[in-house]
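Structure assessment
So you can see what is in the structure, the chains are spelled out below.
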Amino acid sequence: ATPTVFDTVNATLAAAAILCAGILLLRRYVLRLPRFAGLTPAQRKDATIILLLEMASAGSYLLTYFISPHIAYAHYAIMLVFGLYITYSKHLHIFTAPLYLLLTGRRAAFTPQDMPEVAAGLDILQGSAPATGSMPERMGAKYYTDLPRREIIAALACTECGRCDQAC
């Protein structure tokens, strides 16, 4: 079968994806950029697995395009593994962040009004309310079920950028 324009564009994008993922791996492991030094081993492993799966997926697509359509089964298997892995990865935010923005607009990710004990404790800590009583015994959520649904979605949409830690 003659390749369509769509096939050619996809093959070009697959080749670009392999190149970009290779550059990202080079930056992390050969050039050792300082900003990656602060990543935990789990974060490094997760990012590497994602990049390798992206390269394998794009490579299998190119093999399907240039060599044999039967290699498509390997491509589908790799995509299935990628789809399953991403649900346990920090990269889940790729899918949940747009959903979060759609559901919440651009409101703040966390508003203590949903948890009055947190709001009261933060007011005391920030000095905007007098410390008339004692601080709550437990401030915040111990289990995910303690959080409102919106905060659970916000946590799933987290990109681990660290801005919340800097603002806190």
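Quick summary incoming for the structure in this document.

Calculation rules
- Residues numbered from 1 in each chain as written.
- Predicted model: local features only at pLDDT ≥ 70, side-chain atom pairs only at ≥ 80, totals over all residues.
- Heavy atoms only, no water.
- Helix = DSSP H or I, 4+ residues; strand = E, 2+ residues; numbered from the N terminus.
- Expected span 1.5 Å × (residues − 1).
- Buried < 20%, exposed > 50% of the residue type's maximum accessible area, 1.4 Å probe, protein only.
- Arc of directions from axis to C-beta.
- Contact = heavy atoms within 4.5 Å.
- Phe/Tyr/Trp six-rings, centres within 6.5 Å; stacked < 30°, edge-to-face > 60°.
- Lys NZ or Arg CZ within 6 Å of the ring centre and 35° of its normal.
- Axes fitted to C-alpha atoms, helices over the stretch in contact; angles between N-to-C directions.
- Parallel < 35°, antiparallel > 145°, perpendicular 65-115°, else oblique.
- Left-handed = near helix turned anticlockwise from the far one by under 90°.
- Nonpolar A, V, L, I, M, F, W, Y, C, P; charged D, E, K, R; others polar.

**A word on helix α3 (residues 72-86)**
- If you check α3, its first and last C-alpha atoms are 21 Å apart, about what 15 residues at 1.5 Å a residue would give, namely 21 Å.
- Those residues of α3 lying buried are A72, H75, F82 and I86. For α3, the buried positions fall inside an angular range of 75° around the axis, keeping them on one side. Seen from the open side of α3, the exposed residues pointing more than 90 degrees away from its buried face are Y73, L80 and L84.
- On its buried face, α3 sits against α2 (41-66) and α4 (93-104).

**Here we look at the packing of aromatic side chains**
- Following the criterion strictly, the structure yields 1 aromatic pair and no others.
- Centre to centre, the rings of Y65 and F66 are 4.7 Å apart; their planes meet at 80°, and the pair counts as edge-to-face.
- Among the residues examined, Y65 registers a relative accessible area of 24% and is labelled partly exposed.
- By relative accessible area, F66 is classed as exposed at 61%.
- Above the face of the F36 ring, R28 is positioned so that its terminal group lies 4.3 Å from the ring centre.

**Considerations on the packing of helix α1 (residues 5-29) against α2**
- One way to put it is that α1 packs onto α2 with a least axis distance of 9 Å and a crossing angle of 150°. One finds that α1 runs roughly antiparallel with respect to α2. Two packed elements cross with a definite hand, and for α1 against α2 that hand is left-handed.
- Considering only residue class, the contact of α1 with α2 consists of 17 nonpolar, 5 polar and 4 charged.

**Description of the packing of α2 against α3**
- The N-to-C vectors of α2 and α3 enclose an angle of 160°; their axes lie 8 Å apart at closest approach. Considering their axes alone, α2 and α3 lie roughly antiparallel with respect to each other. At the point where α2 passes α3, the crossing takes the left-handed sense. Every residue of α3 that contacts α2 at D46, I49, I50, L53, E54, A56, S57, S60, Y61 and T64 is listed here: A72, H75, I78, M79, V81, F82, Y85 and I86.
- Residue composition of the contact of α2 with α3, by class: 12 nonpolar, 4 polar and 2 charged.

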